[in-house]
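# Analysis of the macromolecular model
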Amino acid sequence: MIEVSVNELHKTLQHEIHHCIESHQVLHVKQSNGENFVILSAVDWRSIEETLFLNQMPHLVESIQTAAKEPLSEGTQLEDLEKKRLFTS
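Basis of the calculations
- Residues numbered from 1 in each chain as written.
- Predicted model: local features only at pLDDT ≥ 70, side-chain atom pairs only at ≥ 80, totals over all residues.
- Heavy atoms only, no water.
- Helix = DSSP H or I, 4+ residues; strand = E, 2+ residues; numbered from the N terminus.
- Rg over C-alpha atoms; globule rule 2.2 N^0.38 Å.
- Buried < 20%, exposed > 50% of the residue type's maximum accessible area, 1.4 Å probe, protein only.
- Areas by Shrake-Rupley, 256 points an atom, 1.4 Å probe, with all protein chains shown as cover.
- Lys, Arg positive; Asp, Glu negative; His and termini not counted.
- Charge placed at Lys NZ, Arg CZ, Asp CG, Glu CD.

Further remarks concern the overall build of the chain. A tally of helices and strands in the chain yields four helices and three strands. For a compact globule of 89 residues, the expected C-alpha radius of gyration is about 12 Å, and the chain comes in at 21 Å, more than 25% above that figure. A principal-axis box enclosing the C-alpha atoms of the chain has dimensions of 60 × 25 × 25 Å. The proportion of buried residues among the 89 residues of the chain is 12%. A total accessible area of about 7600 Å² is found for the chain, and carbon and sulfur atoms account for 57% of it. Counting 7 positive and 14 negative side-chain charges, the chain places the averaged centre of each group 3 Å from the other.

Here it is, written out as structure tokens:
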């Protein structure tokens, strides 16, 4: 995370925005009144929104964790998924 004061941000806004987008880092901006804020790229914000949405689904996290522990040899082969998709379409 990058941290700047609001006065510094006024001087380098364009540079800081470009840096946030390119580096995927959050820019934490401090104001003298204590009402701080952050700047992040739209791509990063959409990722956060998607994560929050997926975490609201009951048992999804547990299902992913269970699947991650499953040996690959016990999983479904990609070819089998493709065949199944062709027959159900």
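Following the structure, the description resumes.
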